[in-house]
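Listed here are the chains, written in short residue letters.
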Amino acid sequence: MQGSGLLIAGAFVAIWASAFTVAGVVVKEWPPLWALGIRFGLTVPMLLAILLIMRSRLPRPGDIGRVAVLGLCGMGGYLAFAWLAMARIPTGLVALICATTPLMVAAGESLFLRRPLPGLAWVGLAIGWSGVALLGFLRAVDGLAMAEAIGFVFALGAAISQAVGLLVYAPAKGRVDIWFASFGQTTVSALLCLALALVLEGAPPTSASWPTWAAMGWSMVVVGIGAYALNFAMMRRVPASTAAALQLLAPPLAAVFGWALLSERLYFSDIIGGVLTLGGLALLVHARSRG
């Protein structure tokens, strides 16, 4: 890998990990769904401007539907569940559970799309899911409060929702312009989160402290736009298997950010389950890169 590729990949992983930290800042003051709805709503015009400047082409009608599902599940549903989870459990733990999305995508491809997986990939799936089960079991043994249990379920829901969106969108991935995909899914996500916020969270927030506004700005511009641009650049310079492996660094980095910036604490049992989960993911990535 060239130095520029490594630099881009490192920046993407750091920004992706920071997404959980800034979300943790926002949900301490704002209701999660309103925060997301406002974030998406403010990001849509920015993406529309980029779309027009880049003169992105419109996808075929069937692919527009896939982009809509990607927004409904892969971004809107995923982040709604994740931000609801981060209002209840540490952001690093949410990042770790959300990182299990590739396990669900691989299982979905095998079960529903009939794409065979190498034997080593199945071993990775088993280890990864064992790590998730151990996380939940050890937390329960330590005395899992109701709010924490709901947060754990929300985090799993985030991973499942993202996996569904990615599986539905997968056939159109090579055909749809990346900026149209980002604009389309963000628009759908904004509509989803604003509708849910109106129904579930009542009146919107009317004020915020400067850390919340700063976190919202980072989430919109650096994560919502910059991370997608870096991901696109990374995919052009870094082998897909290497990029997937590097992204496994995001959950532990998110845990470090949460500890340093939000004074969050992860238990030793979380570390054990996390090592198993990420180990299974690493084995899955390795097996798929060889197969």
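Let us look at the structure shown here. (Residues numbered from 1 in each chain as written. Predicted model: local features only at pLDDT ≥ 70, side-chain atom pairs only at ≥ 80, totals over all residues. Heavy atoms only, no water.)

**Some points on the pattern of salt bridges**
Rules: We define a salt bridge as a side-chain nitrogen of Lys or Arg found within 4 Å of a carboxyl oxygen belonging to Asp or Glu. Counting from the N terminus, the helices are DSSP H or I runs at least four residues long and the strands are E runs at least two residues long.
Going through the model one piece at a time under the given rule, you end up with 2 salt bridges. When the shortest N-O distance is used, the salt bridge between D63 and R60 registers 3.7 Å. Here D63 and R175 are joined by a salt bridge, their closest N and O atoms 2.7 Å apart. Of the two residues, D63 is situated in helix α3 (residues 61–86) and R175 in the loop between α7 (146–169) and α8 (178–200); the sequence distance between them amounts to 112 residues. Via salt bridges that share partners, R60, D63 and R175 belong to a single interconnected network.

**Digging into helix α2 (residues 32–54)**
Our working definition: Each residue after the first adds 1.5 Å to the expected span of a helix. The bend at a residue is defined as the angle formed between two axes, one fitted to the seven residues ending at that residue and one fitted to the seven starting there. The buried label applies to any residue whose accessible area, calculated with a 1.4 Å probe on protein chains only, is under 20% of its type's maximum; exposed applies above 50%, and partly exposed to all values in between.
Spanning 23 residues, α2 covers 32 Å between terminal C-alpha atoms, matching the ideal 33 Å at 1.5 Å per step. The sharpest bend along α2 measures roughly 25° and falls at V44, with the proline P45 sitting one to four residues further on. The set of residues buried in α2 consists of P32, L33, W34, A35, L36, G37, R39, F40, T43, V44, L47 and L51. Positive phi shows up at R55, right after α2, with a value of about 55°.

**Some words on α3**
Here α3 contains 26 residues, and its C-alpha end-to-end distance of 36 Å stays within 8% of the 38 Å for a straight helix at 1.5 Å per residue. The sharpest bend along α3 comes to roughly 35°, located at L70.

**What to know about the side chain of T91**
Note the threshold: Identification of polar contacts relies on pairs of N or O atoms within 3.5 Å, with a donor-acceptor requirement for protein atoms, meaning one able to donate a hydrogen and the other able to accept it, and with residues adjacent in sequence counted only if both atoms are side-chain atoms. The contact rule is simple, with two residues in contact once any of their heavy atoms fall within 4.5 Å.
Along the chain, T91 falls in helix α4 (residues 91–98). For T91, a relative accessible area of 0% gives the class buried. Only 2.8 Å separates the side chain of T91 from the side chain of E264, close enough to count as a polar contact. Excluding anything up to four places from it in sequence, T91 contacts F20, G24, M86, A254, G258, L262 and E264.

**Some details on the packing of aromatic side chains**
The criterion, for reference: Between rings of Phe, Tyr and Trp, where Trp is taken as its six-membered ring, a pair exists when centres lie within 6.5 Å; planes separated by under 30 degrees are stacked, by over 60 edge-to-face, and by other angles tilted.
Summed over the entire model, instances satisfying the criterion amount to 3 aromatic pairs. Judged by centre distance (5.2 Å) and plane angle (85°), the rings of W30 and W213 are edge-to-face. Here W30 is found in the loop between α1 (3–26) and α2, whereas its partner W213 is found in helix α9 (residues 210–237), with 183 residues between them in sequence. Since its relative accessible area comes to 4%, W30 is described here as buried. Each ring, one from F81 and one from F154, has its centre 6.0 Å from the other, and the planes form 40°; the classification is tilted. With a gap of 73 residues between them, F81 in helix α3 and F154 in helix α7 connect regions that are remote in the sequence. By relative accessible area, which is 31% here, F81 ends up partly exposed.

**Description of a nonpolar patch on the surface**
What counts here: Exposure above 30% relative accessible area and the absence of a salt bridge qualify a residue for a patch, where like charges join within 9 Å and nonpolar side chains (Val, Leu, Ile, Met, Phe, Trp, Tyr) within 5 Å. The accessible surface values rely on the Shrake-Rupley method and a 1.4 Å probe; as for residues, cover is taken only from the protein chains in view.
A surface patch of nonpolar side chains, amounting to about 420 Å² of accessible area, comprises L196, L198, V199 and L200. When you line up the elements, L200 lands in helix α8. L200 gets classed as exposed once you look at its relative accessible area, which sits at 61%.

**Description of the nonpolar core**
Worth spelling out the cut-off: Among buried residues, the Ala, Val, Leu, Ile, Met, Phe, Trp, Tyr and Cys ones that are joined through side-chain atoms within 4.5 Å form a nonpolar core.
Judged by nonpolar contacts, the single largest core of 61 residues is most densely connected at F20, W83 and V94. Here this core takes 11 residues from α1, the largest share from any one element. Ignoring anything within four residues of it in the chain, the contact list for F20 reads Y78, M86, T91, V94, A95, C98 and A254. V44, V67, A172 and A181 belong to the second largest nonpolar core, which has 13 residues in total.

**Comments concerning the side chain of T212**
The residue T212 is located in helix α9 in this model. T212 has contacts with V25, V26, E29 and W30, leaving out every residue within four places of it along the chain.

**Some details on unusual backbone geometry**
Even without being a glycine, R55 presents a positive backbone phi close to 55°. As for its placement among the helices and strands, R55 is situated in the loop between α2 and α3. If you check the backbone angles, S263 has positive phi at about 60° while not being a glycine. Its location among the elements puts S263 in the loop between α11 (250–262) and α12 (268–290).

**Here we look at the environment of L248**
Residue placement: L248 occurs in the loop between α10 (240–246) and α11. On the accessibility criterion, L248 (15% relative accessible area) is buried. Sequence spacing of L248 and L96 is 152 residues, and the spatial spacing of their C-alpha atoms is 9.1 Å. Not counting residues within four places of it along the chain, the set of residues in contact with L248 comprises L278, L281 and A282.

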